[in-house]
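The primary structure of each chain is shown beneath.
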Amino acid sequence: MRRRVFVESKDLNYEKEREEKALGKIVKKVLPFLGAVLFMADIYFSLCVFPANLILDLFCDKVSQADLDRLEYDYGQMAGYPAGEGIPVVHTKEEYEALGWYKKIEGSDELGGKEYITFETDSLIPLDFYRLRGGVELTVHSSRRQGAVIRYRKSFETSPYLTDRSYYNRCYLVALPDGNYVLAWLEDAYYWKYRMTGRVQLPLGCKESMTANEKEAMAPYIREYGLDERAILMMVSEERDEQNKNLYFLVQLGVLVVSSVLMLVLAVAVEKIVDKVASARKTKVIHNY
């Protein structure tokens, strides 16, 4: 009787060992595939989604009102830069609507530079409307077996190609401190900051007239939120985008390298843990014999 129980126990341990070996093989086959999928997702995230200005703004000096007053020409190129000392802060819808497109020069009928503002918001609503960044090529050339293929990027998009996402700025509904909303072209970096903290100090912004495309796309939001249909708040700089487009790519490439190294370290750690668990179970099975 004892011999029979011993044989059955031995057979049970043997079957258990076989199952664990099979599971270990499956895990080792799945890990490289899972790693490849995660790496492809990391490439897309780093190069097409991650906003480079989230890092660049950490090293960018804030622009004060004194800096703006020293500009020889001002056509809105400072929009999107971090707001510094002396920049007017808007609190209500009435203050926003009273904001002019250009500053008035005292004692003169001439207009000065753009009238910039800033404010802190606790609500950002992303809209499915995108505007092509400054310095981005409108044509995309690629080659296939049939020959060269030319694709044209639109100046405005409601659903850009996944690979083109980083070439567009997104439009947002931004809440003023009094709870009313305004339309704004805004860097995605500020939306990321808002998602992390629940509120964010916005960069320099100035009013710009809406184009026909913008009015058509924004019509439902203008009606729903009672928005100003004449103006949109510009909080991005086409000039800055054009100057920094290569720097944006280098930052995104750096993010890809760092995240890939972290993924590699994690993959090695997971593989070691799996090997240790398999080895410990194997030792336990041997002792049970």
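Conventions used here
- Residues numbered from 1 in each chain as written.
- Predicted model: local features only at pLDDT ≥ 70, side-chain atom pairs only at ≥ 80, totals over all residues.
- Heavy atoms only, no water.
- Pairing = 2+ DSSP bridges.
- Helix = DSSP H or I, 4+ residues; strand = E, 2+ residues; numbered from the N terminus.
- Contact = heavy atoms within 4.5 Å.
- Axes fitted to C-alpha atoms, helices over the stretch in contact; angles between N-to-C directions.
- Core = buried A, V, L, I, M, F, W, Y, C linked by side-chain atoms within 4.5 Å.
- Buried < 20%, exposed > 50% of the residue type's maximum accessible area, 1.4 Å probe, protein only.
- Polar contact = N/O pair within 3.5 Å; in protein donor to acceptor, adjacent residues only side chain to side chain.
- Patch = residues over 30% accessible without salt bridge, like charges linked within 9 Å, V, L, I, M, F, W, Y side chains within 5 Å.
- Areas by Shrake-Rupley, 256 points an atom, 1.4 Å probe, with all protein chains shown as cover.
- Salt bridge = Lys/Arg side-chain N within 4 Å of Asp/Glu carboxyl O.
- Phe/Tyr/Trp six-rings, centres within 6.5 Å; stacked < 30°, edge-to-face > 60°.

Right, let's talk about the sheet that holds strand β4 (residues 124-132) for a bit. Read across the open sheet, the 6 strands follow the order β7-β4-β8-β9-β12-β11; overall the sheet is mixed. For this open sheet the edge positions go to β7 (156-157) and β11 (206-209), each flanked by a neighbour on one side alone. Alignment of β4 against strand β8 (residues 168-175), held across 6 bridges, turns out to be antiparallel. Looking at the pairing, Y130 lines up with R170 of β8. Of the strands in this sheet, β4, β8 and β9 (181-186) are in contact with helix α5 (residues 188-197), which crosses β4 at around 165°. Along the sheet, helix α6 (residues 212-225) contacts β4, β7, β8, β9, β11 and β12 (231-235); its crossing angle with β4, the most-contacted strand, is approximately 170°.

The next subject is the nonpolar core. Among the nonpolar cores identified, the biggest contains 26 residues, and C171, L183, W185, L204 and M218 are the most heavily contacted of them. Dropping the residues within four chain positions of it, M218 is found in contact with L127, F129, C171, L183 and M210. Counting 19 residues, the second largest nonpolar core, distinct from the first, contains I117, V174, L186 and L202.

What follows covers the side chain of N53. As for its placement among the helices and strands, N53 is situated in helix α2 (residues 53-56). On the accessibility criterion, N53 (2% relative accessible area) is buried. A polar contact of 3.1 Å, which involves the side chain of N53, links it to the side chain of E187. Contacts of N53, omitting those with residues within four sequence positions, involve E187, A189, R240 and Y248.

The next subject is the pairing of β4. In this sheet, β7 lies alongside β4 in antiparallel orientation, the contact comprising 2 bridges. Among the inter-strand pairings, Y130 is bridged to a residue of β7, identified as E157.

Together, L247, F249, L250, L253, V257, V261 and V265 make up an exposed nonpolar region whose accessible area comes to about 610 Å². Within the secondary structure, L250 sits in helix α7 (residues 238-288). Overall, L250 belongs to the exposed group, its relative accessible area being 52%.

As a further point, take the packing of aromatic side chains. What the rule picks out here adds up to 9 aromatic pairs. Pairing F129 with W185 gives two aromatic rings, centres 5.7 Å apart and planes at 35°, and the pair type is tilted. Of this pair, F129 sits in strand β4 while W185 sits in strand β9; the two residues are 56 residues apart in sequence, bridging distant segments of the chain. Of the two residues, F129 and W185, both sit in the buried class.

Right, let's talk about the pattern of salt bridges for a bit. Summed over the entire model, instances satisfying the criterion amount to 11 salt bridges. The residue D128 makes a salt bridge to R170 at a minimum N-O spacing of 3.1 Å. Taken as a pair, D128 in strand β4 and R170 in strand β8 lie far apart in primary sequence, 42 residues in all. On the basis of relative accessibility, which here comes to 16%, the residue R170 falls in the buried class.

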